[in-house]
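So the chains spell out like this:
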Amino acid sequence: MGLGATRWPAVVTIRTVTVDLLDVNESTLESGVKIAPGGTYSEQLNDAGSFDVTIPYGAAGHDDVDVGILARFTVSGGIGVDFTGRVDQVDKVVASKDKARRQVRIQGRDWVSEWDDALVTPPMGIGSLPHTKIVRWDWTHPELDTSAWTEPVYLGSLFTADLDPLGAPAGPSPGAKDGWDPKGWPDTFTGWIWGDAVDGNDSHPVDDVCYFHLTLPTADGLLVPITTIDDTGQVAFDGAIIDAGQTPPAVQWTQAWASGMRAVTSGDHTVRVRAENRAVAGNPSNLGNPAAFAAVIYQPNVSELMEFDNVIARTGANTGASDDLTDGGQWRALHNPASPPGFDAPTAIQTQLDLVQADGFLPDWTVNAIGTHTVRDDITATVNDTLLSWLRQLAERGICDWRARPGERVLDVWPAGERGDFYTTPGSPPAWTGAHLSQVDVTRRR
Amino acid sequence: METVVRVENTERFVDVSDGGTGWKRAVAWSATDVPTTDGATQIGAAAAATFGVRDSVKVTAEDYPVWLSLGDGHSTFTWSGSTGLQRASARTVEIGDGAVARVSPTFQSPDEQSDARILLAVKRIATGLAGGRSAGVSVSVPRELSTGVPSGALQPVSVPPWSQSWVDVKEGPLWRAEDATVVTKTEVLCTGAGPPDDDVSVNVKVNGVTAVTVTLPQLATSFSILGSLVLAAGFVLQVETASIGANDPADMTDLNLTVQFTAAPAALRVDS
C-alpha cells in the first residue's frame, strides 16, 4: 500500500504531554503548566536535544520561570517522563496592551547540557604538578588497576666491579644484563628488571612487551628521573608522557636519559613505563638479546647533586624495604598482556565525573553501564574541553552511545551502536508506512 | 563520484581509491604510527568505505504504532521508495491543541550507522593488538627540552686517568672538575713486569681528603670498586699511591699503575 492510499488511520492513539517546572534540585515549582500549541522538544542520538515552549499569560507557572530551572515533559499512555530540559533562555513580554501577548517563552536543551558546565580535568586533579594536557585512558592513566601486576624479575646490576659501594664483594651476576652500564648512568645501585626471566639464550622474544608501575611519594620541587630501556619504550608521569623514546631501529639502553621536571607537587605520583624488545640485525637466532628497563629518580633532599641520599626510587634487586640503598622492590610489572591495558568507556567517563564532582561540579549525576563494554586503550580527552563535547567525541569516534535519562540524573552508556535494538537487526520492526504517515522526507548527502 | 583516501604513514603517502567513477575528491588521513605500506593501504581501504553518500529520513506521522525510542530499528521508506530497516537517530515531539503530542522521528541509513564502527576498525588495523602493543602510541615524538633541569641523553663525563710508572708512594697531579661529576667506578690496573707480590693501595682524594682507597691485591693486575665519588663543580681530584706494602721498591720500577674512572654528570640543575 503506497503513501496516500488511505489518508486517515482506522485507529488513532492519542497521547498528551504534561509539562512540570522544577528547580535545579528537582523540587516542583509548578506542575501541569499549560503550554501554547506549537511547543516542541526534541531528542538527539548522542547529543543534547532541545525544547521550545510558550506559557500563555495567566497560566500557572507563568511567573516561576527563570534560566537554570528544569522543564520536565511527561507523556501519557504509560510512557512516563520523556524529556527533561534545562532552561537556557527566557523571553517575556512584560507589558502589552493586549494581555494575551504577555507570554513567556522558554527554550533550552536536554539537561545533559549540564555536562557543558564541567571541564575535562587532568587525572591528578587541578593544581597537581606535573599535569598532562591530553588525558589517555591507556597504560599511562594513574587510575589503571595495577593490583594484579607482579614483582619484576631482577636481571642484574648495571655496573660490575670487585667491590660494591658499601665495600662488600659485589654480588654474583644474575645473568643477561649484568654489567652493561649505559653511558652517563649516575647510580651504582641501579639494576635491570623485566617481567620475565631470560631464556636459555640469555634472550627475551623479539617484540616482547612489558609495562611497569611505581607509586612514587615525592616532596615539592625538582624531580629528575633517569631511565633507559632495552630496546625502546616510553615513560609517563601522572598520565603525561615525559619521555617518548626513540624510533626503531635506534635503541635506548646504551645511554642514560633524563626527563627532569622543574616542579612536582608533594604527594603520591604514578610512574609508568612501556618497554619493548626488538630484533637485532644479523642475529636471526635471537641470541643474547634480553629486554630490560632501568631507572633511578632523584630529588634534591640533601644537595643538588646525583648522590645516594637524593635517590628516592630506583629499579634493582628486591632486597627489602629496610635496605634503602639497594632495594628496588616497589616496582610492578605487566608482561605481554593479551591486549594493551586500558579502560572501558563507562569507567573512563566515571573517572572524569569523580574528578569534577570532587570539585563540586555536576552533583547528583551518576554513570550507568549497559551492555558488554570492552576494555580499550584509545579513549582520550583534551583537558579543558567541556565534558559534553567530550561525550560527543566519544560517540563520533565509535566508542560508545550515551544518553541522560529523562527522569533522573543518570548517564546511561552503551557500547557504540547498541542503544536501541537496531544493531540486533530486528525481524519485525515497527513499520512507518501507509496509514500512519503524513509525509516522508529523505535527505541524501555526499 | 570517486573518493581517494591519502594516508600518511611514518615514511610516505599512500593513495587508496574506493573504485568509484566520475568526480574525484581526496580526503587526507593521518596514520603516522603505521610503519608499513600494506598497513597504510588497509587503513585507506577501510576509510574509503566510510565516505559514501548517506541518507537521512524524516517522517511526519499522523499516528504511530509505538512510542519511538532512539536507537531502535524501524522500517520506513528509503531514497528509492522501497522500505528498509533504519535506526531512529532523533525525534521531535510537537505539542498541539489540548497538549496532544505528535512525534516526528528521524532515521539514519545503515551506512551512517556503520561509519563509527568502521572508523574504530580502521584504527585497530593501524596499530594491531598482538603482543600487548598499544594502539596509537607513537615513538616519533621528540623530547621536549626543559630549561633548568637535565633533559635528554646524559653525556658521559670524562675524568682523566692517572698513571704512575716506577710505582712508589707519591702524590699525583691535581684535576679540577669543571662540572658536577659523579664517579661511579674506580679501577686500578697494573701492567709491566708482572703483578706485584703484595698489595698496592691508591687513595683518591677530593679536595685533599681521601674519599676512597682502592687496593690492588697481591698478584692481581686489576681491581675495581663501585662509587660513588661526588664532585661538585670546582672540586679537585687527586690520586696518590698510598702504599706498596711489602713489595721491594726495586721490583716496582718496571710496573705501570693506572687508575681509570667511569663518570657521569651529577647536577640536578643545569644552566640550559
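In this report, the structure presented in the accompanying data block is examined.

What counts, and where the lines are drawn
- Residues numbered from 1 in each chain as written.
- Chains lettered and ligands numbered in written order.
- Predicted model: local features only at pLDDT ≥ 70, side-chain atom pairs only at ≥ 80, totals over all residues.
- Heavy atoms only, no water.
- Contact = heavy atoms within 4.5 Å.
- Buried area = accessible area lost by both parts, 1.4 Å probe.
- Salt bridge = Lys/Arg side-chain N within 4 Å of Asp/Glu carboxyl O.
- Helix = DSSP H or I, 4+ residues; strand = E, 2+ residues; numbered from the N terminus.
- Expected span 1.5 Å × (residues − 1).
- Buried < 20%, exposed > 50% of the residue type's maximum accessible area, 1.4 Å probe, protein only.
- Pairing = 2+ DSSP bridges.
- Axes fitted to C-alpha atoms, helices over the stretch in contact; angles between N-to-C directions.
- Core = buried A, V, L, I, M, F, W, Y, C linked by side-chain atoms within 4.5 Å.
- Phe/Tyr/Trp six-rings, centres within 6.5 Å; stacked < 30°, edge-to-face > 60°.
- Lys NZ or Arg CZ within 6 Å of the ring centre and 35° of its normal.

**Some thoughts on the interface of chain A and chain B**
Right, so step 1: Counting residues at the interface gives 116 residues for chain A, matched by 105 residues for chain B.
Right, so step 2: When the two sides are added together, the surface that chain A and chain B hide from each other amounts to roughly 9100 Å², 57% of it contributed by carbon and sulfur.
Right, so step 3: Seen at the junction of chain A and chain B, the total is 4 salt bridges.
Right, so step 4: The partner of B:Arg91 in a salt bridge is A:Glu43, and the shortest N-O contact between them spans 3.0 Å.

**A look at helix α1 (residues 37–48) of chain B**
Right, so step 1: For α1(B), spanning 12 residues, the distance from its first C-alpha to its last is 16 Å, which sits close to the expected 16 Å at 1.5 Å a residue.
Right, so step 2: Every buried residue of α1(B) is listed here: B:Gly39, B:Ala40, B:Ile43, B:Gly44, B:Ala46, B:Ala47 and B:Ala48.

**Structural notes on the pattern of salt bridges**
Right, so step 1: Under the counting rule described, the total for this entry stands at 25 salt bridges over all chains.
Right, so step 2: In this structure, A:Glu276 and A:Arg274 form a salt bridge, with 3.0 Å as the shortest nitrogen-oxygen distance. Of the two residues examined, A:Glu276 and A:Arg274, each falls in the buried class.
Right, so step 3: Notably, a salt bridge pairs B:Arg6 with B:Asp15, separated by 2.8 Å at the nearest N-O pair.
Right, so step 4: Sharing partners across several salt bridges, the network here consists of A:Glu26, A:Arg72, A:Glu114 and A:Arg409.

**Quick word on the sheet that holds strand β3 (residues 24–30) of chain B**
Residues and elements named next belong to chain B.
Right, so step 1: Overall, mixed pairing links the 3 strands, which are arranged β2-β1-β3 in an open sheet. Edge positions in the open sheet fall to β2 (13–17) and β3, since each of these has one partner strand only. Strand after strand, the sheet turns through a mean of 25 degrees between neighbouring axes, direction not considered.
Right, so step 2: Judged from the 7 bridges that link them, strand β1 (residues 2–8) and β3 form a sheet pairing that is parallel.

**Details of the nonpolar core**
All names here are of chain A.
Right, so step 1: With 49 residues, the main nonpolar core has Trp185, Phe212, Leu216, Ile226, Phe293, Tyr298 and Trp331 as its most contacted residues.
Right, so step 2: Of all the elements in the fold, those that place two or more residues in this core are β10 (191–194), β11 (209–218), β12 (221–230), β13 (232–237), β16 (261–264), β17 (267–276), β18 (292–298) and β19 (311–314).
Right, so step 3: A total of 7 residues in this core trace back to one element, the largest contributor, which is β18.
Right, so step 4: Listed in part, the 40 residues of the second largest apolar core include Trp111, Leu353, Trp390 and Ala404.

**Remarks on the sheet that holds strand β11 (residues 181–192) of chain B**
Strand pairing in a sheet is mediated by backbone hydrogen bonds. Such pairs are either parallel or antiparallel.
Residues and elements named next belong to chain B.
Right, so step 1: A sheet is described by the order of its strands in space; here 4 strands give the open sequence β9-β16-β11-β14, paired in antiparallel fashion. Both outer strands of the open sheet, β9 (162–165) and β14 (222–231), are each paired with one neighbouring strand and no more. Shown here is a sheet whose adjacent strand axes are inclined to one another by a mean of 15 degrees, direction ignored.
Right, so step 2: By the bridge criterion, 4 bridges tie β9 to strand β16 (residues 255–265) in an arrangement that is antiparallel. Residue Trp162 lies in a different strand from β16, and its bridge partner there is Val259.

**Quick word on the packing of aromatic side chains**
All names here are of chain A.
Right, so step 1: Applying the stated criterion across every chain, the model contains 14 aromatic pairs over all chains.
Right, so step 2: Each ring, one from Trp137 and one from Trp390, has its centre 5.1 Å from the other, and the planes form 20 degrees; the classification is stacked. Note that Trp137 is positioned in the loop between β8 (134–136) and β9 (153–157) and Trp390 in helix α2 (residues 387–396), a separation of 253 residues in sequence.
Right, so step 3: We classify Trp137 as buried; its relative accessible area is 0%.
Right, so step 4: With relative accessibility at 1%, the residue Trp390 sits in the buried group.
Right, so step 5: Of the aromatic side chains, those joined through ring pairs into one cluster are Tyr41, Phe51, Phe73 and Phe83.
Right, so step 6: Looking at Arg72, its charged tip hangs above the ring of Trp111, at a distance of 5.2 Å from the centre.
Right, so step 7: Over the ring of Trp149 we find Arg272, and its NZ or CZ is 6.0 Å from the ring centre.

**Some remarks on the environment of A:Lys183**
Right, so step 1: Structurally, the position occupied by A:Lys183 is in the loop between β9 and β10.
Right, so step 2: A residue is classified by how much of its surface remains accessible, and A:Lys183, at 46% relative accessible area, is partly exposed.
Right, so step 3: Sequence separation of A:Lys183 and A:Thr218 is 35 residues, and the distance between their C-alpha atoms is 27 Å.
Right, so step 4: If near-sequence neighbours (up to four positions away) are discounted, A:Lys183 is found in contact with A:Thr254, A:Gln255, A:Ala256, B:Leu154 and B:Pro156.

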